[in-house]
Amino acid sequence: MLVKDLTSPDNTASRVPVESPVRSAEGPQSLFQHLPSAPDEPFLHSCLFQVLSDEEKRKQYDAYGEEGLKDGHQSSHGDIFSHFFGDFGFMFGGNPRQQDRNIPRGSDIIVDLEVTLEEVYSGNFVEVVRNKPVARQAPGKRKCNCRQEMRTTQLGPGRFQMTQEVVCDECPNVKLVNEERTLEVEIEPGVRDGMEYPFIGEGEPHVDGEPGDLRFRIKVLKHPVFERRGDDLYTNVTISLVEALTGFEMDISHLDGHKVHIVRDKTTKPGAKLWKKGEGLPNFDNNNIKGSLIITFDVEFPKEQLTPEQREGLKQLLKQGSVQKVYNGLQGY
């Protein structure tokens, strides 16, 4: 579950395509007639000759005109020119080529958030105080948004040279100032160990881009009474030998304080298990469904040694003969 969304505004922009007035019925030469007047016009003519000298592309243009060189038959003219000469940032009858820039982003921060088994059972709201570096305006200017761009230089008629250079913008100077913030994390009932609660934009800042995210990773602490396995809870109860033989009645205090009543009116063997359905943890996806509480019984024998008379009396009382069976217990026999 997303606890709090601090997403920064969307900085992406879209461009509106422009339809080309060139008609295909005018033949190949019409492509030259509609070329825009520009300082690079000889180069554009050279590009067109390169394209139309290709037999296949020439047939496509003769059959379909300019549209034939677009999507469905061939990529746009700008794509064709870039096939021979690289990307010069122009297209005929379409969008200027958009150069996607990867927006810089600060690092994500992952923090272990320790929660108790009581909080997993009932849910809770936890407040976390964080000192976050925040960008604030400072005097002066700085270089920002630096990127690699291609520059085309005309060397002569039909001759061009392309070079790559670093271009930067000028932005106001900034400094990082720590600010104290209080974040509230909702611990949902049934939350699982290792689950993460993200706070968008609350991570490390980036002066030229967007901040990273802050993610709280749930770490469930060990409990002295209950062990969690999925949505089930496990616990052990130690009873006396007399209780094991004659039966007993007791209450187990649950994670939220309610009592789980247990009644045994028959013999309880060491290692015997008792399932209490619906007394486990709530399911994270559906809190109306709960797991089981599985109780394992241990039997504590008397520490005092029996006298010969007590031993004989016990044999007479139990009327149980000797049972000395050797077997492979790990195989379940």
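Structure's up top.
In this numbering scheme, every chain counts its residues from 1 along its sequence in written order. pLDDT decides what is reported in this predicted model: residues at 70 or higher carry local features, side-chain atom pairs at 80 or more are listed and counted, and totals for whole chains, interfaces and linings draw on all residues regardless. With hydrogens and water stripped out, all remaining heavy atoms of the structure feed into the side-chain values.

**Quick notes on the environment of V120**
Helix and strand assignments come from DSSP, with helices taken as H or I runs of at least 4 residues and strands as E runs of at least 2, each series counted from the N terminus. Structurally, the position occupied by V120 is in helix α5 (residues 117–122). A C-alpha to C-alpha distance of 8.1 Å links V120 and R192, two positions 72 residues apart in sequence. What V120 contacts, discounting residues up to four positions off in sequence, is V115, E188, P189, G190, V191, V220, R228, L281 and P282. Two residues qualify as a contact provided that any one of their heavy atoms is within 4.5 Å of a heavy atom in the partner residue.

**Re the pairing of strand β7 (residues 232–240)**
Exposed residues in this analysis have more than 50% of their type's maximum accessible area, buried residues have under 20%, and partly exposed residues fall in between, with area computed by a 1.4 Å probe over protein chains only. Residues L233, T235, V237 and I239 point to one face of β7 and are all buried, whereas D232, Y234, N236, T238 and S240, pointing to the other face, are not buried. Think of it this way: DSSP has to see at least two bridges between two strands before they count as a pair. Bridge analysis of strand β6 (residues 227–229) against β7 gives three bridges, and the strand direction is antiparallel. If you follow E227 over to β7, its bridge partner there is Y234. Taking the residues that link successive antiparallel strands as the turn, the β6-β7 hairpin has two residues, and the phi of G230 there is positive, at about 65 degrees.

**Considerations on a nonpolar patch on the surface**
The patches described consist of residues with a relative accessible area above 30% and no salt bridge, like charges being joined within 9 Å and nonpolar side chains (Val, Leu, Ile, Met, Phe, Trp, Tyr) within 5 Å. Surface accessibility in these figures is a Shrake-Rupley result with a 1.4 Å probe; residues are shielded only by whichever protein chains are displayed. We define a salt bridge as a side-chain nitrogen of Lys or Arg found within 4 Å of a carboxyl oxygen belonging to Asp or Glu. On the surface, a nonpolar cluster with roughly 450 Å² of combined accessible area is contributed by L245, L306, L314, L317 and L318. The leading source of residues in the nonpolar patch is helix α7 (residues 308–318), at three residues. Mapped onto the secondary structure, L245 falls in helix α6 (residues 241–246). Look at L245 and you get partly exposed, because its relative accessible area is 43%.

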